[in-house]
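Results of the structural survey
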Amino acid sequence: MSLQCGIVGLPNVGKSTLFNCLSNAKAQSANFPFCTIEPNVGVITVPDDRLTKLVEMCQPRSVVPATVEIVDIAGLVKGASKGEGLGNKFLANIRETDAILHVLRCFDNDNITHVDGSVDPVRDKEIIDYELMLKDMETVESRMAKVQKQAQTGGDKTAKLQYEVLRRYKEAFDQGKPARSVKFDTVDEEKYARELFLLTNKPVLYVCNVDDASAVSGNKYVDAVRKAIEGEDADLMIVAAQTESEIAELDTWEERQEFLAEIGLEESGVARLIRAAYKLLDLQTYFTAGSDEVRAWTFMRGSKAPQCAGIIHTDFEKGFIRAEVIKYDDYVSLGGETAVKEAGKLGVEGKEYVVQDGDIMHFRFNV
């Protein structure tokens, strides 16, 4: 399942530094705008203590973790929606992603220039929001022009529905609100809204890039961002990208943990960010576990058993008979599959079973 989070932000806010921490792919990082011209893509392993525990119990020949793709997109500037600073290319890159990690500079450093001359993360957020919103407004107004006449003069119910969705989006944009702030009442409205692929309808996580001293509790800049996004249906997290890059250079896990302890963190911001990105994409994990392989399988929240079976192989979904399900906690507490069966804790589920995060699955099928 190839879903992508795009890292966006103004130039010199720490996007590429953060991407370098996340991925083995090394994005060029330098103190000038447009350092990243082509989007860099990194396939990132999702940290999961449950996978580690299953590996410890099963001692398998191979291990396959869950992954998420992160795309480092070049910095946007004012006028990007009109093509300023290679804006059209950057906006196209964002459109192809499924969710947005919006990096905001929340630290002072005279040695790192800011494209607008001063540190103000709320202003920076508004610049990018405005550019994305302008692009969405173009899309909405273009569609409205096509369906307006049919919606207002004819009996075309589809055109009326589409026009109403577009009208509500335009109303939100006129008020400076992103598309994701608009909620619809019917399935048909929601379906058409998704088909518009609006940039500001993508789920977003605001990543406040802070200095070392602010890595635990944040600072005045983070407080300002938190207040600015109230009611926006978006999350916020704090990461010290430069500190994370120093942690990444350490050779052993023990050294990294010692470094984290010194600055008051239990785990790295990178690990928290990867999990947050996974959640932002509305992804969950089920496992298959045995002596041959322990594997984490990624699925969309709310998926039913046949669809999850199809992630392994399309034949599993076509010929689905049933799913044998073990809850992770039962697997660990009872000591493995055999003990779970003996305790009568193995669930047998049909086509309507909604797979839960952490389920250990075995699918029965016939083709």
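This write-up is about the structure you can find in this document.

Reading the values: the criteria
Residues numbered from 1 in each chain as written. Predicted model: local features only at pLDDT ≥ 70, side-chain atom pairs only at ≥ 80, totals over all residues. Heavy atoms only, no water. Helix = DSSP H or I, 4+ residues; strand = E, 2+ residues; numbered from the N terminus. Buried < 20%, exposed > 50% of the residue type's maximum accessible area, 1.4 Å probe, protein only. Contact = heavy atoms within 4.5 Å. Areas by Shrake-Rupley, 256 points an atom, 1.4 Å probe, with all protein chains shown as cover. Expected span 1.5 Å × (residues − 1). Phe/Tyr/Trp six-rings, centres within 6.5 Å; stacked < 30°, edge-to-face > 60°. Salt bridge = Lys/Arg side-chain N within 4 Å of Asp/Glu carboxyl O. Pairing = 2+ DSSP bridges. Axes fitted to C-alpha atoms, helices over the stretch in contact; angles between N-to-C directions. Core = buried A, V, L, I, M, F, W, Y, C linked by side-chain atoms within 4.5 Å. Patch = residues over 30% accessible without salt bridge, like charges linked within 9 Å, V, L, I, M, F, W, Y side chains within 5 Å. Lys, Arg positive; Asp, Glu negative; His and termini not counted. Charge placed at Lys NZ, Arg CZ, Asp CG, Glu CD.

**Comments concerning the overall build of the chain**
Along the chain, the regular secondary structure elements total 14 helices and 12 strands. When the 367 residues of the chain are sorted by exposure, 49% land in the buried category. Here the analysis covers contacts within the chain between residues at least 6 apart in sequence; of these, 70% occur between residues at least 24 apart. Accessible surface computed for the chain: about 18300 Å², of which carbon and sulfur atoms make up 47%.

**Here's the deal with unusual backbone geometry**
Look at Phe197: it is not a glycine, yet its phi comes out positive at around 50°. Take Phe197: it is sitting in the loop between helix 6 (187–195) and strand 6 (204–209). On the accessibility criterion, Phe197 (57% relative accessible area) is exposed. If you check the backbone angles, Asp282 has positive phi at about 65° while not being a glycine. Within the fold, Asp282 resides in the loop between helix 10 (269–280) and strand 8 (283–289). Look at Asp282 and you get partly exposed, because its relative accessible area is 31%.

**Description of helix 11 (residues 305–312)**
By the burial criterion, the buried members of helix 11 are Ala305, Pro306, Cys308, Ala309 and Gly310. The secondary structure elements touched by the buried residues of helix 11 are strand 8, strand 9 (293–300), helix 12 (314–318), strand 10 (320–326) and strand 12 (360–365).

**What about helix 10?**
Spanning 12 residues, helix 10 covers 16 Å between terminal C-alpha atoms, matching the ideal 16 Å at 1.5 Å per step. Taken as a whole, helix 10 has its buried residues at Gly269, Val270, Ala271, Leu273, Ile274, Ala277, Tyr278 and Leu280. Phi turns positive, to about 65°, at Asp282, one or two residues after helix 10.

**Quick look at the packing of aromatic side chains**
Counting across every chain of the model gives 7 aromatic pairs. Summarising the aromatic geometry, the rings of Tyr286 and Trp297 are spaced 6.4 Å apart at their centres and angled 15° between planes, so their arrangement reads as stacked. Within this pair, whereas Tyr286 is found in strand 8, its partner Trp297 is found in strand 9, the two being separated by 11 residues in sequence. Considered together, Tyr286 and Trp297 belong to a single accessibility category, that of buried residues.

**Notes on the pattern of salt bridges**
Using the criterion set out here, one finds 20 salt bridges in the structure. Between Asp129 and Lys125 there is a salt bridge, with the nearest N and O atoms lying 2.5 Å from each other. Here Asp129 and its partner Lys125 are both found in helix 4 (residues 121–153), 4 residues apart, which amounts to about one turn of the helix. Both residues of the pair, Asp129 and Lys125, belong to the buried class. Here Glu337 makes a salt bridge to Lys341, at a shortest N to O gap of 3.1 Å. Of this pair, Glu337 and Lys341 both sit in helix 14 (residues 337–342), 4 residues apart, roughly one helical turn. Taken together, the salt bridges that share partners define one network made up of Asp48, Arg50 and Asp357.

**With respect to the sheet that holds strand 5 (residues 99–105)**
In spatial order, the strands read 2-4-1-5-6-7; together these 6 strands make up an open sheet with mixed pairing. Strands at the two margins of the open sheet, each flanked by one partner only, are strand 2 (40–45) and strand 7 (235–239). On average, adjacent strands in this sheet sit at an angle of 25° to one another, irrespective of strand direction. Summarising the sheet, strand 6 and strand 7 pair through 5 bridges and their orientation is parallel. The partner of Leu205 across the bridge, within strand 7, is Asp235. Strand contacts of helix 7 (residues 220–228): strand 5, strand 6 and strand 7, with the helix running at about 170° to strand 7, the strand carrying the most contacts.

**A few points about the nonpolar core**
Ranked by size, the top nonpolar core spans 73 residues in total, and within it Leu22, Ile70, Leu101 and Val207 carry the most contacts. Considering each element in turn, this core owes the most residues, 6 residues, to helix 10. Those residues in contact with Leu101 that lie beyond four places of it in its chain are Cys5, Gly6, Ile7, Val8, Ile70, Leu205, Val207, Leu273, Ala277 and Leu280. With 20 residues, the next largest nonpolar core counts Met133, Val140, Ala179 and Phe184 among its residues.

**Quick word on the environment of Tyr206**
Looking at the secondary structure, you find Tyr206 in strand 6. Tyr206 sits 105 residues away from Leu101 along the chain, and the two C-alpha atoms are 6.0 Å apart. Excluding anything up to four places from it in sequence, Tyr206 contacts His102, Leu104, Lys125, Asp129, Arg180, Ile229, Glu232, Ala234, Asp235, Leu236 and Met237.

**Observations regarding a negative patch on the surface**
Together, Glu249, Asp251, Glu254, Glu255, Glu258 and Glu262 give the surface a local cluster of negative charge. Here the negative patch takes 4 residues from helix 9 (residues 253–262), the largest share from any one element. For Glu255, the location among the structural elements is in helix 9.

That's the geometry; what it means functionally is another story.
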